[in-house]
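What follows is the residue order along each chain.
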Amino acid sequence: MQPGPPYQQGPQQPYPPQGYPGYPPPGYGPPPKKSNTGLIVGLVIGAVVLLGGGGVAAFLLLSDDNGSSTTAAPTSSKKTGPPDKYTAMPACERIGSKIRNLPPLETPKGEEPASTSNDEITYTRSSCSWREPNAPSATVSMYLSKSKEPGSGAGEAWAKASVENAVTDGGVLIPTMAKSTKAVHTKLDSSSQCQIKFYQGNVEGEILVTGPDPSGTVNQTVCKENALKLAKATSEAIG
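Everything numeric here is computed off the predicted structure, so don't read it as measured data.

Draft legend 1. Molecular detail of the pairing of strand S2 (residues 121-130). When you tally the buried positions in S2, you get eight out of ten residues, the bulk of the element. In this structure, strand S1 (residues 112-113) lies alongside S2, joined through two bridges in antiparallel fashion. Note that in S2 the partner of Pro113 across the bridge is Thr124. Taken together, the ten bridges between S2 and strand S3 (residues 137-147) define a ladder with antiparallel strand orientation. The residue of S3 that forms the bridge with Arg125 is Tyr143. Once S2 ends, the chain turns through six residues before running back antiparallel as S3, passing Asn134 with a positive phi of about 60°.

Draft legend 2. View of the pattern of salt bridges. Counting across every chain of the model gives four salt bridges. Note that Lys182 is salt-bridged to Glu164, the shortest N-O span being 2.9 Å. Taken together, the positions of Lys182 in strand S5 (residues 182-185) and Glu164 in helix H3 (residues 154-168) put the pair 18 residues apart, joining distant regions of the chain. The exposure class assigned to Lys182 is partly exposed, which follows from its relative accessible area of 23%.

Draft legend 3. Local environment of the packing of aromatic side chains. Per the stated rule, a full pass over the model turns up two aromatic pairs. On the numbers, 5.7 Å between centres and 20° between planes, the contact of Tyr123 with Tyr143 is stacked. Pair noted here: Tyr123 is in strand S2 and Tyr143 is in strand S3, with a separation of 20 residues, a long-range link. Each member of the pair, Tyr123 as well as Tyr143, carries the same accessibility label: buried. With a centroid separation of 6.2 Å and an interplanar angle of 90°, the aromatic rings of Tyr123 and Trp158 are classed as edge-to-face. Of this pair, Tyr123 sits in strand S2 while Trp158 is found in helix H3, placing the two residues 35 residues apart along the sequence. Joined through ring pairs, the aromatic side chains of Tyr123, Tyr143 and Trp158 make up one cluster.

Criteria and thresholds
Residues numbered from 1 in each chain as written. Predicted model: local features only at pLDDT ≥ 70, side-chain atom pairs only at ≥ 80, totals over all residues. Heavy atoms only, no water. Buried < 20%, exposed > 50% of the residue type's maximum accessible area, 1.4 Å probe, protein only. Helix = DSSP H or I, 4+ residues; strand = E, 2+ residues; numbered from the N terminus. Pairing = 2+ DSSP bridges. Salt bridge = Lys/Arg side-chain N within 4 Å of Asp/Glu carboxyl O. Phe/Tyr/Trp six-rings, centres within 6.5 Å; stacked < 30°, edge-to-face > 60°.

Here's what the structure looks like:
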């Protein structure tokens, strides 16, 4: 048997063949990895939007329809009230000139400091007394309350409180009395005296009438009539 022609190897083919599924064409490396950058950026932007939306919602909850904040503005503790109407008291002679048959006027003491527990006012007292032996006597005391802080109303409030206390203690209101705001026949334990209190602006007026015998008994009807005359004269003199 004759030997056949020598075996000749054909041209080598790349393996696997070009274009085989799952393999890149020759000359290309492995497929690039997919980047997560876009996803991360998207998540960050979403978070910012959500947070921004929450901030807007919070602002809307804290705002009224006009867009202004509902947070209450701090309130002032400053007190307000009627301004002091008076700065000085009338002279005793002016009051006495309106009343007939008064006893002689004692030398007036003038305006002097008066005791008070109120540290919002300056408190002074002016007094007038008409006396003579064995005759009824009369004393007018005027208390001026000046507010330390202008416009606070402390002066009139203090004057008013004195008369309101007299009413609470059993005093009898006087319907009208000259220019006074409120007046009252006060209740006294003494049977030889009668008293009227009134307030007018930032002034308290106190009228005390005593019978000829301080230890005796006085006709209360006559006493109150005389006290009322003097109270009216005082109120008119204050102005």
